[in-house]
Amino acid sequence: MSNWKALIVIVGVLAAGSEAESRLSAKEAFANIQKALKEVRKERAAARRFDKALFTQQVYRTRLSPGDLYEDLLAATVTKVIEKENRALVVFRTPDLEERASLGVLMKKERTEWRIASGRSLVLSGNELAKRCGTKPARARLSMRMTNDSYGAGAYSFTCVSGDMKKFKNRADVWFCHNQDLHVKGEAVDLGKVALQTVNAIPVDGAWTKLVQAKPGHTYVLRCGADKRRDFFVALHVKRIKRGVLEFEWTLLAVGWGAPLSIHAEHVTEEVARAGTDGPDGLCHKD
């Protein structure tokens, strides 16, 4: 798999693997996926049967039901497709959405075939996203992790909105290491020296990696997950790094599985409350 790792739901488009297929744009492939799903719906009256037959074929195992994605894909009216090489973001609306809201799914091209690369629809705009973000970014800090034991104050959970790893059982989404790197439990891309407020869409280009060099003034987009716990996006802006302490601002960019209910309030999720403690990642080699 490439750096664009995801919880990839396998929905093959028509004429998969053919020469004609390889020339399809993401927008055309999405239309073919919708057409294929509608044909399946005609043949199988029960959506539950469809889910078991097709949507459970996933690259990464998950206990989460993707039934809502099935309904969203069938009802989607595409408003925009952002495509860069083998990656794309499809933005769409469904009939039940509020006026200013939009949903989206990621797509990835594997060999000649475009596939849906999200386990559920992401909320890209609207009241739900605005309510969770509030009127200003959240602020936090990370202390540079110097020893190969606990995270200490060097990690942060966007799901739980906290850097208290003891309280939230090491559910780290990002941690700061002695090489001045941000290690991401998912993937991240460095947007360079741009203001946090200017980031309003998930980028599909750039070098997505599991760690990025933390640089003051730079803004990063992080994909938290995808895994059985979460799949959502945040934008993070490094304010300063001084004496081993990184100060940053962040906001929620797209609501998905495990996204915080509010970026300004700690939240003990049901999964954290009932599950055991994760082990901390090992400290990387000192450059």
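Check the entry above for the structure.
Residues numbered from 1 in each chain as written. Predicted model: local features only at pLDDT ≥ 70, side-chain atom pairs only at ≥ 80, totals over all residues. Heavy atoms only, no water.

Colleague: Give a detailed account of unusual backbone geometry, specifying residues and quantitative values.
Modeller: In this model, Gly225 is joined to Ala226 through a cis peptide bond whose omega is 10°. Phi at Glu85 takes a positive value of approximately 55°, unusual for a residue other than glycine. Not every positive phi belongs to a glycine, and Asn170 is a case in point at roughly 60°. Examined against the element boundaries, Asn170 turns out to sit in the loop between β7 (155–156) and β8 (174–176). (Helix = DSSP H or I, 4+ residues; strand = E, 2+ residues; numbered from the N terminus.)

Colleague: Which residues make up the pairing of strand β2 (residues 87–93), and what values go with them?
Modeller: Counting buried residues along β2, 6 of its 7 residues qualify, which places the element largely inside the surrounding structure. By the bridge criterion, 7 bridges tie strand β1 (residues 77–84) to β2 in an arrangement that is antiparallel. Bridged to Lys80 within β2 is Val91. From the end of β1 to the start of β2, which pair antiparallel, there are 2 residues, and Glu85 there has a positive phi angle of about 55°. For β2 and strand β3 (residues 102–110), the ladder comprises 6 bridges, and the chain directions are antiparallel. If you follow Leu89 over to β3, its bridge partner there is Leu106. (Buried < 20%, exposed > 50% of the residue type's maximum accessible area, 1.4 Å probe, protein only. Pairing = 2+ DSSP bridges.)

Colleague: Explain the packing of aromatic side chains residue by residue, including any values.
Modeller: All told, the structure shown has 7 aromatic pairs when counted by the stated rule. Ring plane angle 50° and centroid distance 6.1 Å describe the contact between Tyr151 and Trp175, whose orientation is recorded as tilted. Separated by 24 residues along the polypeptide, Tyr151 in the loop between β6 (138–143) and β7 and Trp175 in strand β8 bring together distant segments of the chain. As far as the burial class goes, Tyr151 and Trp175 line up, both buried. Seen in terms of ring centroids, Tyr156 and Phe248 are 5.6 Å apart; in terms of plane orientation they differ by 90°. Their pairing is edge-to-face. (Phe/Tyr/Trp six-rings, centres within 6.5 Å; stacked < 30°, edge-to-face > 60°.)

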